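# Working through the structure, step by step
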Amino acid sequence: KEAMVDIDIKPKSSQPCWYERYVQPCVAELLGSTLFIFIGCLSVVEDVEGTGRLQPALAHGLALGLTIAILGDI
């Protein structure tokens, strides 16, 4: 009866690989900026007379919050 099996665990290196260091932040910045600008422009296209500045401001705020929540840890 072996309760535990020996598993070789590789220790992680202290520095991240080149993809995590250079490519991943650039892709996250590109996606975040694209989402922010796209949502902001769409909020102005269908601007109703009664909403004034509230609709674009709310859309930009929600897009920014969503972008930070999704891509913030990168």
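As the structure is a prediction and not an experimental result, all values here were calculated from the model. (Residues numbered from 1 in each chain as written. Predicted model: local features only at pLDDT ≥ 70, side-chain atom pairs only at ≥ 80, totals over all residues. Heavy atoms only, no water.)

Along the chain, Pro25 turns up in helix H1 (residues 18-45). Beyond its immediate sequence surroundings of up to four residues, Pro25 is in contact with Tyr19, Glu20 and Ile74. (Helix = DSSP H or I, 4+ residues; strand = E, 2+ residues; numbered from the N terminus. Contact = heavy atoms within 4.5 Å.)

So, about the layout of surface pockets. In this approach a probe as big as a water molecule rolls over the atoms, and the regions it shows empty are the leftover space. Its volume calculated, the largest pocket comes out at about 160 Å³. Taken together, Pro25, Ala28, Glu29, Gly32, Ser33, Phe36, Leu64, Thr67, Leu71 and Ile74 make up the lining of the largest pocket. Broken down by secondary-structure element, the contributors of at least two residues to the lining of the largest pocket are H1 and helix H2 (54-71). Considered class by class, the residues forming the lining of the largest pocket number 6 nonpolar, 3 polar and 1 charged. (1 Å grid on protein atoms, 1.4 Å probe; cavity = no way out; pocket = protein on both sides within 12 Å on 5 of 7 lines; lining within 4 Å. Points joined across faces, edges and corners; volume = space filled by probe spheres on them. Nonpolar A, V, L, I, M, F, W, Y, C, P; charged D, E, K, R; others polar.)

Here we come to H2. Helix length check: H2, at 18 residues, gives a terminal C-alpha distance of 25 Å against a target of 26 Å (1.5 Å per residue), a fit within 8%. For H2, the full list of buried residues reads Pro56, Ala59, Ala63 and Thr67. The arc enclosing the buried residues of H2, seen along the axis, measures out at 65 degrees, which places them on a common side. In this structure, H2 carries Leu54, Leu62, Ile68 and Ala69 as exposed residues pointing more than 90 degrees from its buried face. (Expected span 1.5 Å × (residues − 1). Buried < 20%, exposed > 50% of the residue type's maximum accessible area, 1.4 Å probe, protein only. Arc of directions from axis to C-beta.)

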